[in-house]
Amino acid sequence: MSEKQTEKESFVEETKSKMDEWSAELDELKAEAERAEGEIKYRYQEEIEMLQDKQKTAQEKLAELQRATDTSWTEFKEGMSAALIDIRKAMEDAKSKLK
């Protein structure tokens with residue numbers, strides 16, 4: 001196994017782990033939305049939809065990354081890293097808006 005392959009596999013596993021954590025956080029927001037009423041419920045739904053879109057984009061990038069060759073995966077890594085930062089920021093923003 002090459003060093004790049006190991007680095008790629010490590011990055012993929014780390015990314016999957018982060019995405020699993022955010023899925024759990026998103027599930028918590030969905031549960032809170034179920035308990036909310038009126039305008040607050042609407043705001044939750046808007047934020048959840050936006051987060052789900054970002055999550056879908058990240059999952060697509062991860063699939064591309066997994067299919068990438070050892071020599072080209074570093075290009076995908078940059079895009080994936082940017083997507084992860086975007087999701088983390090969006091999750092934090094959503095939580096602060098809804099508190």
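For the structure, check the block above.
Being a predicted model, the structure only gives us computed values, none of them experimental.

What counts and how
Residues numbered from 1 in each chain as written. Predicted model: local features only at pLDDT ≥ 70, side-chain atom pairs only at ≥ 80, totals over all residues. Heavy atoms only, no water. Core = buried A, V, L, I, M, F, W, Y, C linked by side-chain atoms within 4.5 Å. Buried < 20%, exposed > 50% of the residue type's maximum accessible area, 1.4 Å probe, protein only. Helix = DSSP H or I, 4+ residues; strand = E, 2+ residues; numbered from the N terminus. Contact = heavy atoms within 4.5 Å.

Draft legend 1. Local environment of the nonpolar core. In terms of nonpolar packing, the biggest core is built from 24 residues, with Leu 29, Tyr 44, Leu 51, Leu 65 and Met 80 touching the most fellow members. Elements represented by at least two residues in this core include exactly α1 (3–35), α2 (38–67) and α3 (73–98). Looking at which element gives the most residues to this core, the answer is α3, with nine residues.

Draft legend 2. Highlighting the side chain of Glu 25. Looking at the element boundaries, Glu 25 is found in helix α1. On the accessibility criterion, Glu 25 (14% relative accessible area) is buried. Apart from residues lying up to four places away in sequence, Glu 25 is in contact with Arg 88, Met 91 and Lys 95.

Taken by themselves, the reported measurements are silent on function.
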